[in-house]
Structure formats: structure tokens, C-alpha cells
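Summary of structural features
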Amino acid sequence: MLEVWNMLIAAFESMESLSTDIFYDILRRLDGPTLATAACACATFCSISREERLWETVCSSMWPSTNREDVKSLISSIGGFRKFYADCFPLIVNKEVRECKWNHYLEYPEEWTEAEYYGDTDGLESISPLDFVSIVDVRYKDKTICSKVLWGIPNANGSNSWFHNCPFRIDLLTYAARDDDNEGEVTLSVSDGLSPIISMEKERKDGKLWKELRDGLRLSWIVVNKKAKLAANLASWSPLGGQRHWPTDKDFVIRFGSILPAKDILPCQVVECILSMKFRVIHTEGEGVETTLKLTELSMQLEDMEGAHVNGRNSLLILKEALSCRRSKNYSEVLESCHLYSKVQSELKKEKMRNESRLDRLCILSGIAAFVTFWYCIL
């Protein structure tokens, strides 16, 4: 045992004699989680791991959008790359879904006043749509195929604009192109690792392309509040679901998202942030060219438990709360939160259908009783 201890001491002394530059060169090759773990190994690693350059490299590797000079300035203004990574690498987890009960949700929206539905307007005055920045990266099989940055929220100018009362939605491909230097189409092809499609009929039968898209696509949608100096990743990283061949045979819709808190904002207490990605097949192998898919939609919208779109006013309040809610590095915990929401939402719909069915039967029985009573009185 003494011999082992002496060997450890010797190893530590030899490590201390190494140059800090060598340690830095070692640490800069690590990814984010490994770098964070290495920082806990010893005081030397801990000190070096605080270097912003290391975390800038980590962030640029994970989110290529952060390579832009304007985004670098933004990140520096909200606390630096180390803080940015700590805020955006863990994904949002919401455990409050279990607290959403059907009998509480029945109060929405008939028994809610306009003031209650719209929430705290005083809090809204401190939120400006121009404070929000969307930093979006799409990967397919670890290769970046799309990086977009959107400054502000489109169509939200003016405190009394129609934006506050209309359904909230951001179509990233429509608005981000105005600020991007690269306005070319976003496509996926065989050169990106996509399997060739011989015919759409064959694809409908085996679903090979659909499976590859679900397994290979990764989405990161980071929202930054410049004023509050907060950031969060609203995406689920991996797809949560989607639709094949909708609305046409050549379209594929992939859905990402997260469950956001809406306590004291909406009666349902939580909402779903839906991030949709739509690809369209524009070429197949049978036409003499390689299989090519075009990204035609990349959007964000918020929906409540009943599937109704959340308006712009409430969406601003929800986004503000989301930037400081609980997060987790455990992806299974994130998926559990999303699946739990879907389960509660399904139960809600079933209960609503049962109540409507009971009401229909009651109306029919009341009509029959009224009809029988009428003829009984006449005869």
C-alpha cells in the first residue's frame, strides 16, 4: 500500500512540473461534459478550465452559430461562454405536469376573466420582444446542415400590436434569412449520409428514410434574453415524434420541443413548446439524380393542454419564465417529462369526450322526455 501511495505522489509531482500550456492543450481537446469533469480532478485543472477560450471552443463545436461575431459579442455580454454552456447544455425538465388536474382545467377559458387570461400586464411591460434572440442549429449524423440566428421576435413591434392577441409563431426560415449572409436552401443528400430513395412507394412501405431522419436529426433552439442575461435551450435535442408523408407523400414533419412552466400565466399551468421541422423530397434516385431533401419549415409555437395556440402576450411571459426553470443533463428525464405531458393531455381529451358524450345523451333524453310529455298532454 505504501508503495502505491509513493507512486501516486511521484505521479502528482511530475504532473505539477508540466507546463500549464500542455495542460491547456489537453483540456481544449475535450468536449463540454468531460471538461467539466476534469475541472473537478485537481486545482490546476480547475483553474485552467475557467479560461473562456476553452468554453468558446466547446460552444462553437456544439453550436456552430456561436462562431458568428455578433453572437460572440452577445454571449460575452450575458456572462461569457462558460455560463452560456452551463445554461444551454442541460435541457428543460418540468415536473409540474403531474399537478395539472382535469377538474382544475375545466375553468379555462369560460370562467376566466380577460384580466386573468392575459395575466400580469405590469410584468409584460418589462418584457420587450426585441430582447429575445434565437440561436438555432440543426445537425444530421453529427454534421451541421443549418445554423440560423434571429434577433428579436418578428411582427411584435409596438406594445399594442396585434401580435399580443394572435397565436404566437416563429417561422425561422422566413425571417432569419434577412439577417443571414448565407441565404441558400438547406438540403440533405446522399453526400450527407442520406440513403437513396428508389421510389416514394417503396419508402411508404419500409419507412427507411423516415427512420433515418428520426435517428439522425438533432435540433438545438436556444433562446437568449439580452436584458435578463439568461439563456435556455427549448429543444429536446432528439425528435419527440412527427408525421410521415404529410400533407403530401413527399413531406416529412419532425417534431421537437419541451414542456414550459405557465404557472400564474395560464390555467393549465404548463404548455408545450413545439418545434417543427419539415423536409420535402425534391429528387429521387429514379429520376437520374441523387436523393435530395429540402428543409421547407423550421418553426416554434406554444400550445396549451387543449391544443390551442398561446397568444403572443402570454408567450412572452412564458418564455421569460422558461429561461430560469429547472433543467437536467439526464436526457431520459427530459423524455419522461415530455411523455408525461402527452399522457396527461391524452387523458384530458378522453375525459372531455366522455363529458361531451354524457351531455349529448342528456340532451337526447331531455328531448325525448319533452316529446313524450307534449303528446301525453295533447292526448
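Residues numbered from 1 in each chain as written. Predicted model: local features only at pLDDT ≥ 70, side-chain atom pairs only at ≥ 80, totals over all residues. Heavy atoms only, no water.

The name an unreviewed UniProt entry gives the protein chain is F-box protein At2g27310-like, with Durio zibethinus as the organism.

1. Observations concerning the sheet that holds strand E7 (residues 230–233)
Spatially, E3-E2-E6-E7 is the arrangement adopted by the four strands of the open sheet, whose pairing is antiparallel. Strands with a single pairing partner mark the edges of an open sheet, and in this sheet they are strand E3 (143–151) and E7. Neighbouring strand axes in the sheet, compared pairwise and without regard to direction, differ in orientation by 15° on average. Both strand E6 (residues 217–225) and E7 contribute to a ladder of four bridges, which runs antiparallel. Across the sheet, the residue bridging to Val 223 is Ala 232, located in E7. (Pairing = 2+ DSSP bridges. Helix = DSSP H or I, 4+ residues; strand = E, 2+ residues; numbered from the N terminus. Axes fitted to C-alpha atoms, helices over the stretch in contact; angles between N-to-C directions.)

2. Remarks on the environment of Arg 313
Tracing the backbone through its elements, the reader meets Arg 313 in helix H14 (residues 312–322). Accessibility expressed as a relative area gives 16% for Arg 313, which makes it buried. As a C-alpha pair, Arg 313 and Cys 166 span 147 residues in sequence and 8.4 Å in three-dimensional space. (Buried < 20%, exposed > 50% of the residue type's maximum accessible area, 1.4 Å probe, protein only.)

3. Notes on the pairing of strand E8 (residues 241–244)
Judged from the four bridges that link them, E8 and strand E9 (residues 251–261) form a sheet pairing that is antiparallel. Pairing of Gly 241 across the sheet is with Arg 255, part of E9. Between E8 and E9, which follow one another and run antiparallel, lie six residues, and His 245 among them has a positive phi close to 50°.

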